[in-house]
Amino acid sequence: MLALFGVATLADLVFLAAGFEPGHAVAKTLLMPLLAAYAGVRGAPRLLLAALLFGWGGDLLLLSDADPAFLAGMASFAAGHVCYIALFLRHGAPHARGRLLAPVYAVALAATVALLWPDLPADLRVPVACYSTLLTAMAYGAATRLGPRAAVGGALFMLSDTLIATGVADWPQPPRPDLWIMLTYAAAQFLLVQGTLDERPAPATTYREVRSTTP
């Protein structure tokens, strides 16, 4: 499944680089189901699978350029972030570096919202600010409760969605912005999955297993 996810991701990026929108639409819809299938086979917790499926819902909705679809897609991704946050909270208190990172994420959130606010459509300002808060909380939880891979995944998710927001605000964009959005998004979700799976506790050894290995 992981190989199929990699192939689908590569195909999506190639289609975006070539400007072949029908191919992108097909490949994009395969990414999260394949990643969720891989995570499920690895025994992923239900909250992780739910986060990926909400991400899939957001992917489908954002294939449309209509404003209602954009808001619905944002809501679906927001629900995925809530699942991620709930999942990360199960890993106990933040690491010692959590207190040091909190101001960094808070400043990043405040600066992003403040800079984007004047250029966003009026009806999207509050939704984008609320969504950005959830996104930042998810990335902070990944960085302070899981390992480095999840931390990078959370940061890439912030970067991907910031690229989307700057496009909505009509800021100057890099060539092929959709390619960079999908590259950082796919990498973010993969790293969040791997980071979560890395942190699963090892299964407890039962008394019978101990007896069976005792000479």
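Model, not experiment: these values are computed from the prediction.

### Description of the environment of R176
Looking at where R176 falls in the secondary structure, it is placed in the loop between helix 7 (148-168) and helix 8 (177-198). For R176, a relative accessible area of 45% corresponds to the partly exposed category. Considered as a pair, R176 and A18 are 158 residues apart in the sequence and their alpha carbons are 9.4 Å apart. Setting aside residues up to four positions removed in sequence, R176 forms contacts with L16, A17, A18 and G19.

### What about the environment of A165?
One can find A165 in helix 7. Exposure remark for A165: the relative accessible area of 12% places this residue in the buried category. Sequence separation between A165 and V128 is 37 residues; the distance between their C-alpha atoms is 8.0 Å.

### Description of a nonpolar patch on the surface
A cluster of nonpolar side chains, L53, W56, L60 and L63, forms an exposed patch at the surface whose accessible area comes to about 330 Å². By secondary structure assignment, the location of L53 is in helix 3 (residues 46-61). Residue L53 is classed as partly exposed on the basis of its relative accessible area of 45%.

### Looking at the layout of surface pockets
In this structure, the largest pocket occupies an estimated 960 Å³ of space. Within the residue set of the lining of the largest pocket, elements represented by two or more residues are helix 2 (21-41), helix 4 (67-89), helix 5 (98-116), helix 6 (122-145), helix 7 and helix 8. Residues belonging to the lining of the largest pocket are distributed by class as follows: 25 nonpolar, nine polar and eight charged.

### Comments concerning the packing of aromatic side chains
The full count for this structure, using the stated rule, is seven aromatic pairs. Ring-pair connections join several aromatic residues into one group, and the members of that group are F77, F157 and Y185.

### Some points on the nonpolar core
Of all hydrophobic cores here, the largest spans 50 residues; its most connected members are L52, Y84, F88, F157, L192 and V193. Excluding residues that lie within four positions of it along the chain, Y84 makes contacts with L48, A51, L52, M138, Q189 and L192.

The rules behind the values
- Residues numbered from 1 in each chain as written.
- Predicted model: local features only at pLDDT ≥ 70, side-chain atom pairs only at ≥ 80, totals over all residues.
- Heavy atoms only, no water.
- Helix = DSSP H or I, 4+ residues; strand = E, 2+ residues; numbered from the N terminus.
- Buried < 20%, exposed > 50% of the residue type's maximum accessible area, 1.4 Å probe, protein only.
- Contact = heavy atoms within 4.5 Å.
- Patch = residues over 30% accessible without salt bridge, like charges linked within 9 Å, V, L, I, M, F, W, Y side chains within 5 Å.
- Areas by Shrake-Rupley, 256 points an atom, 1.4 Å probe, with all protein chains shown as cover.
- Salt bridge = Lys/Arg side-chain N within 4 Å of Asp/Glu carboxyl O.
- 1 Å grid on protein atoms, 1.4 Å probe; cavity = no way out; pocket = protein on both sides within 12 Å on 5 of 7 lines; lining within 4 Å.
- Points joined across faces, edges and corners; volume = space filled by probe spheres on them.
- Nonpolar A, V, L, I, M, F, W, Y, C, P; charged D, E, K, R; others polar.
- Phe/Tyr/Trp six-rings, centres within 6.5 Å; stacked < 30°, edge-to-face > 60°.
- Core = buried A, V, L, I, M, F, W, Y, C linked by side-chain atoms within 4.5 Å.

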